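# Structure at a glance
Each chain, written out:
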Amino acid sequence: MTERSVDRATIKMLKKARSDGVSTAWDRLAAQEPQCGFGQLGLCCRNCNMGPCRIDPFGDGPQQGVCGANADTIVARNLVRAIAAGAASHSDHGRGIALTLYASAKGEAPDYPVKDEAKLKALAVEFGIATEGRSVQEIALQLADRVLDEFGSKRSSLQFVNRVPSKRRELWNKLGITPRGIDREVVECMHRTHVGVDNDYVSLVLQGLRAALSDGWGGSMVATELSDVLFGTPKPVRGSCNLGVLKEDMVNIIVHGHEPTLSEVIVHAARDRELLEEARKRGAAGINVCGMCCTGNEILMRHGVPVAGNFLQQELAVVTGAVEAVVVDIQCIYPSLPQVAGCYHTKVISTSPKAKFPGAEHIPFDEHNAVGVARRIVRTAVENFTNRKPELVNIRSDRQDYVAGFSVEAILEALGGSLDPLLDVVKSGAVKGIVAVVGCNNPKYKQDYSHLTFVRELIKRDALVVGTGCAAIACAKAGLLLPEAAQEAGEGLAGVCRALGIPPVLHMGSCVDISRIMTVAAAMANALGVDIADLPLAAAAPEWMSEKAVSIGAYVVASGIFTILGTVPPVLGSKNLAELLTAGATRVVGAAFAVEEDPVAAAQLAIKHIAAKRKALGLDN
Ligand code: SF4
Ligand code: MSK
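Residues numbered from 1 in each chain as written. Chains lettered and ligands numbered in written order. Predicted model: local features only at pLDDT ≥ 70, side-chain atom pairs only at ≥ 80, totals over all residues. Heavy atoms only, no water.

Once that is clear, we can look at the overall build of the protein. Helix and strand content of the protein: 24 helices and 16 strands. Computed over the C-alpha atoms, the radius of gyration of the protein is 24 Å, within 12% of the 25 Å expected from 2.2 N^0.38 for a compact globule of 621 residues. Judged by the C-alpha coordinates and their principal axes, the protein covers about 65 × 65 × 50 Å. Counting the 621 residues in the protein, one finds 63% classified as buried. The contacts in the protein between residues at least 6 apart in sequence include a share of 75% that link residues at least 24 apart. Side-chain charges of the protein comprise 65 positive and 67 negative groups, with the mean position of each set lying 1 Å from the other. (Helix = DSSP H or I, 4+ residues; strand = E, 2+ residues; numbered from the N terminus. Rg over C-alpha atoms; globule rule 2.2 N^0.38 Å. Buried < 20%, exposed > 50% of the residue type's maximum accessible area, 1.4 Å probe, protein only. Contact = heavy atoms within 4.5 Å. Lys, Arg positive; Asp, Glu negative; His and termini not counted. Charge placed at Lys NZ, Arg CZ, Asp CG, Glu CD.)

So, about the domain arrangement of the protein. Interfaces are often sized by the accessible area lost when the parts come together. Under the domain assignment, the protein is made up of domain 1 (8–54), domain 2 (71–231), domain 3 (243–392) and domain 4 (405–617). Computed over C-alpha atoms, the centres of domain 1 and domain 4 are 28 Å apart. Counting from both sides, the interface comprises 10 residues of domain 1 and, opposite them, 8 residues of domain 4. At the boundary of domain 1 with domain 4, total buried surface from both sides reaches about 680 Å², with 60% on carbon and sulfur atoms. When the buried surface of domain 1 facing domain 4 is broken down by residue, Trp-26, Leu-29 and Leu-41 rank first, second and third, together holding 50% of it. Summed over the shared surface of domain 1 and domain 4, the number is 2 residue pairs in polar contact (both at pLDDT 80 or more). Among the elements of the structure, helix H2 (25–32) and helix H3 (37–41) are those that each provide at least two residues to the side of domain 1 that touches domain 4. (Domains from an automatic or database assignment. Buried area = accessible area lost by both parts, 1.4 Å probe. Polar contact = N/O pair within 3.5 Å; in protein donor to acceptor, adjacent residues only side chain to side chain.)

What follows is about the site of ligand 1. Around ligand 1 lies a shell formed by Cys-45, Asn-47, Cys-48, Met-50, Gly-51, Cys-53, Gly-65, Val-66, Cys-67, Ile-74, Arg-77 and Val-195. Its residues assigned to classes, the shell around ligand 1 comprises 8 nonpolar, 3 polar and 1 charged. Two domains each put at least three residues into the shell around ligand 1: domain 1 (8–54) and domain 2 (71–231). (Near = heavy atom within 4 Å. Nonpolar A, V, L, I, M, F, W, Y, C, P; charged D, E, K, R; others polar.)

A few words on helix H17 (residues 420–428). For the α-helix, the turn length of 3.6 residues means that residues three or four positions removed from each other point alike. Of the positions making up H17, those classed as buried are Leu-422, Leu-423, Val-425 and Val-426. Buried residues along H17 cover an arc of 165 degrees about the axis, so they all sit on one side. (Arc of directions from axis to C-beta.)

Here the focus is the site of ligand 2. Near ligand 2 you find His-258, Cys-293, Cys-294, Phe-311, Cys-332, Gly-439, Cys-440, Cys-470, Cys-511, Met-545, Ser-546 and Lys-548, and these make up its full shell. Across the shell around ligand 2, the residue classes break down as 8 nonpolar, 3 polar and 1 charged. Built from parts of two domains, the shell around ligand 2 gets at least three residues from each of domain 3 (243–392) and domain 4 (405–617).

A few words on the packing of aromatic side chains. Scanning all chains against the criterion turns up 4 aromatic pairs. Ring centres of Phe-127 and Phe-160 lie 5.4 Å apart, and the angle between their planes is 85 degrees; on these two criteria the pair is classed as edge-to-face. With Phe-127 in the loop between helix H5 (117–126) and helix H6 (136–149) and Phe-160 in the loop between H6 and helix H7 (166–175), the pair connects residues that are 33 residues apart, well separated along the chain. Relative to Tyr-334, the ring of Phe-311 has its centre 5.1 Å away and its plane inclined at 75 degrees; by these criteria the two rings are edge-to-face. Note that Phe-311 is positioned in the loop between strand E6 (307–309) and helix H13 (314–319) and Tyr-334 in the loop between strand E7 (325–328) and helix H14 (337–341), a separation of 23 residues in sequence. Accessibility assignment for this pair places Phe-311 and Tyr-334 in one class, buried. Geometry around Tyr-334 places Arg-28 over its ring, the cationic atom sitting 5.7 Å from the centre. Sitting over the ring of Tyr-449, Lys-446 keeps its end group 5.7 Å from the ring centre. (Phe/Tyr/Trp six-rings, centres within 6.5 Å; stacked < 30°, edge-to-face > 60°. Lys NZ or Arg CZ within 6 Å of the ring centre and 35° of its normal.)

It is worth spelling out the sheet that holds strand E14 (residues 537–541) at this point. Strand order in the open sheet formed by 6 strands is E13-E12-E11-E14-E15-E16, with parallel pairing between adjacent strands. Of all strands in the sheet, those bounded by a partner on one side alone are strand E13 (505–507) and strand E16 (593–595). Across this sheet, the average inter-strand angle for adjacent strands is 25 degrees, counted without regard to direction. Pairing of strand E11 (residues 433–437) with E14 involves 4 bridges; the strand directions are parallel. Within E14, the position partnered with Ile-434 by the bridge is Leu-537. Against the sheet, helix H18 (residues 449–460) makes contact with E11, strand E12 (463–467), E13, E14 and strand E15 (563–565), and its axis sits at roughly 175 degrees relative to E11, the strand it touches most. (Pairing = 2+ DSSP bridges. Axes fitted to C-alpha atoms, helices over the stretch in contact; angles between N-to-C directions.)

With that out of the way, let us pick up the nonpolar core. Most often, soluble globular proteins have nonpolar side chains that are buried together. Formed by 180 residues in total, the largest nonpolar core has its most connected members in Trp-217, Leu-226, Ile-287 and Phe-454. Ranked by residue count, the leading element in this core is helix H4 (residues 71–105), at 15 residues. What Phe-454 contacts, discounting residues up to four positions off in sequence, is Val-435, Val-437, Ala-540, Pro-542, Ile-564, Pro-599, Ala-602, Ala-603 and Ala-606. Counting 40 residues, the second largest nonpolar core, distinct from the first, contains Ala-25, Val-326, Ile-333 and Phe-357. (Core = buried A, V, L, I, M, F, W, Y, C linked by side-chain atoms within 4.5 Å.)

Okay, the packing of helix H21 (residues 514–528) against helix H22 (residues 547–558) next. The geometry of H21 relative to H22 is characterised by a closest axis approach of 12 Å and an angle of 5 degrees between their N-to-C directions. Judged on the interaxial angle alone, H22 and H21 are roughly parallel. In this structure, H21 uses Ile-514, Ser-515 and Met-518 to contact H22, whose residues at the interface are Ile-552, Tyr-555 and Val-556. Grouping the constituent residues of the contact of H21 with H22 by class yields 5 nonpolar, 1 polar and no charged. (Parallel < 35°, antiparallel > 145°, perpendicular 65-115°, else oblique.)

Encoded structure:
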């Protein structure tokens, strides 16, 4: 099992899964091998019913589909469709949060009062909404209304684009990739990739970038900013993580997926006296709510709720035999969960009308009666406690403390109210640069190995790391989110961490919270009067797997940040497209992708890039 993961808790639970006769993602991957070579290269097309068509990568067989599309067109269309799916997922999540704020402001969602009035007002000002002499409800209603307009906007640019340095905005305008309506860019991707529409790979990729930008500076940013308004802006908080956070003597509930709307109220319902009494009556010492993936990140950032693990651990949490309910909303949830749960006593409870799972119990979430639904879900879990099969319970003790909650506001507070101290340590070279490490796990690669190796190489060389998503959970499990981890950092970064009392790796939230990283990058560039592409920044998704990660990578590059992918994207079937993404893009948007599966070599690429940017800015002369 050591070839599957570097995480001890994962390895132990994989062994238990095997002895319990449970198949996991790793087993299903083995059963899929060899995976389709055409698919891996991006060379198959099913966009119309004259197909499916595929291009022979060796040049002996067909070089065109029935319609005449060549490798460049097919690979580019597949890439753009992946971006559209990723952007749609983040943005639909953002829309859900905006609709909740709207309902809250209308008095129709009483369980969601505005928690951060200062942030509400700051956003209102950004959107040109008057705040003087107006109630929180009035401001919230107008802001939610205005934000919802962004999805189907007739305007030529999204509001948050104004955060971007002017040089970059001019470039986007020149290239015709300034994002307009959030939904519009996704729809245009689907239109252009329909048979017989856009067949020029460069033109297709540019629209892909525009859709991705509508995610990063639109849908994801909406999700982050309005979640802060509704649930509170995160501040540094301590918690613990990994499968050892499950408690043998308690009712264990895992909340998994991406939206904070449900998990927030479940956290509160689990503290309800009546439900706690019910749990005690059934022999449990209490109710233990733990997160998984990005729903986990959302509640760990705001409440320090324990996180049971990242993407590849969702089945393994069930394998402990100690989970009464896995409550899921949207995104990154295996369809296999009910099957695995069937081997134990665990109930899988789906809650979103957008994500149903055969074999799961569906308890529809309703923001108008959120606490009522949350209580029903918690009660279902409590009632399931007595069904536990003690002979199948095996919770290992692996758990690790972390500090998370580094929102932009929290970072500014740690810096004394302005970015200047951060810019000063970057200028002095104590911190050489900042690298964003984000994204998933992927069973094709040893779980967490690339994340941790890459991050350790970077902090050793005085690069400050900011993380989100499953990458941040990997770092949390390895102890890298503690201030004490500064001892693994280079002298310069370690000194900065000690002075500020921060870890060398800052957890900035869930996948949509990469928008927080973009906001910091834009603010740094604005403060220095340069473009984002001029800054000593880099990004990486060492173990990515989802279409959302494709959208993220595209908007990060289009925003001017060099991005390293640790798993190979399905674009190598088109030499032209691969060249455009890894080299040509630098000439177009000032940044490009690199693909490097070896995390040590990937860290060297990031450090080399940062050194070049520092030199160009005259910082190391
Ligand atoms: Fe084949 Fe063209 Fe149809 Fe794709 S769009 S399936 S390449 S005919
Ligand atoms: S949860 S998108 S596996 S990071 Fe955001 Fe993790 Fe990737 Fe899902």
